[in-house]
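Given next are the chains, with one letter for each unit.
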Amino acid sequence: MTVRLHWFLPTTGDDRDVVGVTARDSLQSRATTRPPTLDYLAQVARAAESAGFEAVLTPTGSDCEDSWLTTAALIPQTSRLKFLVAFRPGVIAPPLAAQMTATYQRLSGGRLLLNVVTGSDADEQRSYGDFLAHDERYARTGEFLYLLHTAWSGEAYDFEGDHYRVAGGRLRRPSPVRPPVFFGGSSEAALPVAARYADTYLTWGEPPAAVARKIGRVRELAAAQGRELSYGIRLHVISRDTAAEAWAEADRILGALDPVAIRAAHERFSRSESAGQRAMAALSGGRTDRLEIHPNLWAGFGLVRPGAGTALVGSHEQVAERIEEYAALGIEHFVLSGQPHLEEAIRFGECVRPLLTRRLAAV
């Protein structure tokens, strides 16, 4: 049983309360107490590296700093930490993306991981000039990843598809180390693309039974392509010396949420084009009285935060136990976060990681 731990880089800003609230309808974003300055993000990155995390996920979207530029600036601030760079294929041409990844690999010494994010909600996609419908975006992502892998070979190529046309394409300085491709998406349009092109299929933190069903489906599709993937999960963590302390912190976070914002967020998330976002919204139903949806799995973040909406809450031992439970399903990559990200990276590294190491060694 292999577990690889990753942390999160808060390029929207950091706080002790929920960060990542979308400014839509009556749901208003607010300034964070820790802006995403290069100095602060470097502190988080170095803390994650010292705590034993392999990589940091850097998000993409209109409410955060650009993931490529931010992580490139952090390369010299770290020594071995890898950067899981989220990006949207629809707003960058595949040949340019291939050149960027090759340059990044040379400058960083092979520390790039790619997180392919096919899209967000339709309004934000259009704000970037992308007017394709949901399923068409995944078809375009399939072509994008085909071209990316083709370019990485360094051979000359031509291509004419439904979404891209390339004549005389060639990556003249390919990197010998290709970055692994992480891919998320829960819809029927997404899963075949993941099965064909991804190295790691990444899911949000649903209860173990739901996660098992989803990765089982991806395994079947990948096997039909003659491929095997690894699997990852995205979760927040609230880990404390005792379970009572952890749940008290969850209650504090919940108490700071505006009921109006909760209702507005739930209505919006429930209408989302994203199957994964609708699934996150359904876990809580917009209610605050039944948020522990599996032992130590809390849906409080998803009341107002788009994207990953669940947290592992409990004592350090309980959090390690839940990670082991997901690992037993075949989850290898755990992309974690905790607010504020600086202190929580250190806490996890000091308190949970040693317990997890001992538990896995005993399996």
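Note that the coordinates shown come from a computational prediction; the quantities given were computed from them, not determined experimentally.

## Considerations on the packing of aromatic side chains
No. 1: Enumeration over the complete set of coordinates arrives at nine aromatic pairs.
No. 2: Relative to Phe-348, the ring of Phe-53 has its centre 5.6 Å away and its plane inclined at 35°; by these criteria the two rings are tilted. Residue Phe-53 is located in the loop between α1 (38-50) and β2 (55-58), and its partner Phe-348 is located in helix α12 (residues 341-361); the two are separated by 295 residues in the primary sequence. Both residues of the pair, Phe-53 and Phe-348, count as buried.
No. 3: Ring-pair connections join several aromatic residues into one group, and the members of that group are Trp-68, Phe-87, Tyr-104, Phe-144 and Tyr-164.
No. 4: One Lys or Arg, Arg-305, reaches over the ring of Phe-8 and ends 6.0 Å from the middle of that ring.

## Here's the deal with the pairing of strand β3 (residues 82-87)
No. 1: Burial runs high along β3: five of the six residues are buried.
No. 2: Pairing of β2 with β3, which is carried by four bridges, proceeds in the parallel orientation. Counterpart to Ala-55 in the pairing with β3 is Lys-82.
No. 3: In the sheet, β3 pairs with strand β4 (residues 112-116) via five bridges, with the strands oriented parallel. In the strand pairing of β4, Phe-83 is matched with Leu-112.
No. 4: In terms of handedness, the path from β3 via helix α3 (residues 94-108) over to β4 forms a crossover that is right-handed.

## Looking at the side chain of Glu-143
No. 1: Summarising the element assignment, Glu-143 is placed in helix α5 (residues 134-152).
No. 2: Of the side chains bearing the opposite charge, Arg-140 lies closest to the buried Glu-143, which forms no salt bridge; the N-O distance is 8.3 Å.
No. 3: With residues near it in sequence (within four places) discarded, Glu-143 still touches Phe-159, Gly-161, Asp-162, His-163 and Tyr-164.

## Side note on the pairing of strand β1 (residues 4-8)
In summary, the side chains of a regular strand alternate between the two faces of the sheet.
No. 1: Most of β1 sits out of view: four of its five residues are buried.
No. 2: Relative to strand β13 (residues 331-337), β1 runs parallel, the two being bridged by three bridges. Within the sheet, the bridge partner assigned to Arg-4 lies in β13 and is His-333.
No. 3: Of the pairings in the sheet, the one linking β1 to β2 comprises three bridges and is parallel in character. Considered in β2, the bridge of Phe-8 is made with Leu-57.

## Comments concerning helix α2 (residues 67-74)
No. 1: Taken as a whole, α2 has its buried residues at Ser-67, Trp-68, Thr-70, Thr-71 and Leu-74.
No. 2: Buried residues belonging to α2 abut α1, β2, β3, α3 and β4.
No. 3: Its side-chain oxygen placed 3.2 Å from the backbone nitrogen of Trp-68, Asp-66 serves as the N-cap of α2.

## Brief notes about the nonpolar core
No. 1: Counting residues in hydrophobic clusters, the biggest one holds 79 residues, and the most contacted among them are Phe-334 and Leu-336.
No. 2: Those residues in contact with Leu-336, other than ones at most four positions away along the chain, are Leu-5, His-6, Trp-7, Phe-8, Phe-53, Arg-234, Leu-235, Val-237, Ile-323 and Phe-348.
No. 3: Formed by 19 residues, the second largest nonpolar core is a distinct cluster that contains Leu-254, Ile-262, Met-280 and Leu-291.

## Looking at the confidence of the model for the protein
Fine structural detail should not be taken from predicted coordinates in areas where pLDDT scores are low.
No. 1: Here the protein averages 93 in pLDDT, while 97% of its residues score no lower than 70.
No. 2: In the predicted structure, residues 22-28 sits below a pLDDT of 50 and forms 18 contacts with residues beyond four places in sequence or in another chain.

## Topic: the pattern of salt bridges
No. 1: Applying the stated criterion across every chain yields a total of 19 salt bridges.
No. 2: Taking the shortest distance from any N to any O, the salt bridge between Arg-4 and Glu-332 comes out at 3.3 Å. Taken together, the residues Arg-4 in strand β1 and Glu-332 in strand β13 connect sequence positions 328 residues apart.
No. 3: As a salt-bridge pair, Arg-322 and Glu-321 come within 3.4 Å of each other at their nearest N and O atoms.
No. 4: For Glu-321, a relative accessible area of 32% gives the class partly exposed.
No. 5: Each of Arg-4, Glu-54, Lys-82 and Glu-332 takes part in one network of salt bridges that share partners.

## Focus: the packing of helix α11 (residues 316-327) against α12
No. 1: Closest axis-to-axis distance for the α11/α12 pair is 9 Å, and the angle between their directions is 55°. Comparing their axes, α12 and α11 come out oblique. Classified by chirality, the crossing of α12 by α11 is right-handed. Residues His-316, Glu-317, Val-319, Ala-320, Glu-321, Ile-323 and Glu-324 of α11 touch α12, and the partners they reach there are Arg-347, Phe-348, Cys-351, Val-352, Leu-355, Leu-356, Arg-359 and Leu-360.
No. 2: Residues of the contact of α11 with α12, tallied by class, amount to nine nonpolar, one polar and five charged.

## Considerations on the packing of helix α9 (residues 259-270) against helix α10 (residues 275-284)
No. 1: Relative orientation of the contacting elements α9 and α10 amounts to 140°, with a least axis distance of 8 Å. As summarised for this structure, α9 and α10 are arranged oblique, according to the angle between their axes. The handedness of the crossing between α9 and α10 is left-handed. Along its contact with α9, which presents His-266, Phe-269 and Ser-270, the element α10 presents Gln-277, Arg-278 and Ala-281.
No. 2: Of the residues that constitute the contact of α9 with α10, the class distribution is two nonpolar, three polar and one charged.

## Section: unusual backbone geometry
No. 1: Following Gln-339, the chain continues into Pro-340 via a peptide bond in cis, with omega recorded as -5°.
No. 2: Within the fold, Pro-340 resides in the loop between β13 and α12.
No. 3: Even without glycine at this site, Asn-296 takes up a positive phi of about 70°.
No. 4: Among the secondary structure elements, Asn-296 is positioned in the loop between β10 (292-294) and β11 (297-298).
No. 5: Among the residues examined, Asn-296 registers a relative accessible area of 7% and is labelled buried.

Rules used in this analysis
- Residues numbered from 1 in each chain as written.
- Predicted model: local features only at pLDDT ≥ 70, side-chain atom pairs only at ≥ 80, totals over all residues.
- Heavy atoms only, no water.
- Phe/Tyr/Trp six-rings, centres within 6.5 Å; stacked < 30°, edge-to-face > 60°.
- Helix = DSSP H or I, 4+ residues; strand = E, 2+ residues; numbered from the N terminus.
- Buried < 20%, exposed > 50% of the residue type's maximum accessible area, 1.4 Å probe, protein only.
- Lys NZ or Arg CZ within 6 Å of the ring centre and 35° of its normal.
- Pairing = 2+ DSSP bridges.
- Right-handed = clockwise from strand over helix to strand, strands pointing away.
- Lys, Arg positive; Asp, Glu negative; His and termini not counted.
- Salt bridge = Lys/Arg side-chain N within 4 Å of Asp/Glu carboxyl O.
- Contact = heavy atoms within 4.5 Å.
- Polar contact = N/O pair within 3.5 Å; in protein donor to acceptor, adjacent residues only side chain to side chain.
- Core = buried A, V, L, I, M, F, W, Y, C linked by side-chain atoms within 4.5 Å.
- pLDDT = per-residue confidence, 0-100.
- Axes fitted to C-alpha atoms, helices over the stretch in contact; angles between N-to-C directions.
- Parallel < 35°, antiparallel > 145°, perpendicular 65-115°, else oblique.
- Left-handed = near helix turned anticlockwise from the far one by under 90°.
- Nonpolar A, V, L, I, M, F, W, Y, C, P; charged D, E, K, R; others polar.

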